[in-house]
Amino acid sequence: MRTWAERFPELFAPDHWAWGEVDVQYSTERPPDELISNVHVIGRTGDGIVVCSNDLGWRFLPGGTREPDETIEELVHRELLEEAGARLTSPLTWLGAHRAQHGRPAPYRPHLPHPVSYWATVVADVVVDRQPTNPDDGEQVVEVLVLPPDQAAEYLDAKADGGAMGSQVRLAQAMGLV
């Protein structure tokens, strides 16, 4: 039986995200919660997976950066509302995380772990029932789609800018989570 890393080498290979000056490597192991700085959600609906795009043309799974003293579940609730106009309807299921070794001398925000943090991905059931709230200090989401998993992965791959989100959807499929 092949490992997940053998089945998805592009996801598990070391990478460098130049836009954030960060070296990353994906794993399915769960780190301590206090080291998780960001979370993205593979949001399952009855019709597929929730994906978003912003005014800069980026395509992504809803999610974002943790606020001070915010739990992982609170972060997921907030980011689903802000980026997808969605609400959580099930417990979170762990998928994996990019271990991020930051090259910048200070964290992006003072409360975030540094120089190592984790950018997690979880799977959960959601309902999209409103417009994204698009706070002024966040991404300006211009499109929220619900696509079948294969199409969601292709959509995310078409404008890949780090994070291998299409590959994460494929991993979730292979694990039977979507």
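Residues numbered from 1 in each chain as written. Predicted model: local features only at pLDDT ≥ 70, side-chain atom pairs only at ≥ 80, totals over all residues. Heavy atoms only, no water.

(A) Geometry of unusual backbone geometry. Backbone torsion omega between His 114 and Pro 115 reads 5 degrees, so that peptide bond is classified as cis. Notably, Glu 21 is not glycine yet its phi reads approximately 50 degrees, a positive angle. Of note, Glu 21 is situated in the loop between strand S1 (15-17) and strand S2 (22-27). The exposure class assigned to Glu 21 is partly exposed, which follows from its relative accessible area of 40%. (Helix = DSSP H or I, 4+ residues; strand = E, 2+ residues; numbered from the N terminus. Buried < 20%, exposed > 50% of the residue type's maximum accessible area, 1.4 Å probe, protein only.)

(B) Region of interest: the nonpolar core. Of all hydrophobic cores here, the largest spans 42 residues; its most connected members are Val 39, Ile 42, Leu 61 and Leu 95. At 7 residues, strand S9 (residues 116-128) tops the list of elements feeding residues into this core. Apart from the residues within four sequence positions on either side, Ile 42 is in contact with Ile 49, Leu 61, Leu 95, Thr 121, Val 122, Val 123, Ala 124, Gln 168, Val 169, Ala 172 and Val 178. With 5 residues, the next largest nonpolar core counts Trp 17, Val 22, Val 24 and Ala 100 among its residues. (Core = buried A, V, L, I, M, F, W, Y, C linked by side-chain atoms within 4.5 Å. Contact = heavy atoms within 4.5 Å.)

(C) View of helix H3 (residues 72-84). For H3, with 13 residues, the first-to-last C-alpha span of 17 Å sits near the 18 Å given by 1.5 Å per residue. Two residues or fewer past H3, Gly 85 is found with a positive phi of approximately 60 degrees. (Expected span 1.5 Å × (residues − 1).)

(D) Broad picture of the packing of helix H4 (residues 149-158) against helix H5 (residues 165-174). At their nearest, the axes of H4 and H5 sit 7 Å apart, and the two run at 160 degrees to each other. Judged by the angle between their axes, H4 and H5 are roughly antiparallel. When the axes of H4 and H5 are compared, the crossing they make is left-handed. Along its contact with H4, which presents Pro 149, Asp 150, Ala 153, Glu 154, Leu 156 and Asp 157, the element H5 presents Met 165, Gly 166, Ser 167, Val 169, Arg 170 and Gln 173. Looking at the contact of H4 with H5, its residues break down into 5 nonpolar, 3 polar and 4 charged. (Axes fitted to C-alpha atoms, helices over the stretch in contact; angles between N-to-C directions. Parallel < 35°, antiparallel > 145°, perpendicular 65-115°, else oblique. Left-handed = near helix turned anticlockwise from the far one by under 90°. Nonpolar A, V, L, I, M, F, W, Y, C, P; charged D, E, K, R; others polar.)

(E) Region of interest: the pairing of S9. Burial within S9 is extensive, with 10 of its 13 residues counted as buried. Relative to S9, strand S3 (residues 36-45) runs parallel, the two being bridged by 8 bridges. Bridge assignment links Ile 36 to a residue of S9, and that residue is Tyr 118. Across 8 bridges, strand S8 (residues 93-102) lies against S9 in antiparallel orientation. Opposite Arg 99, over in S9, you have Tyr 118 as the bridge partner. (Pairing = 2+ DSSP bridges.)

It is worth stressing that arrangement in space is one thing and function is another; only the former is reported here.
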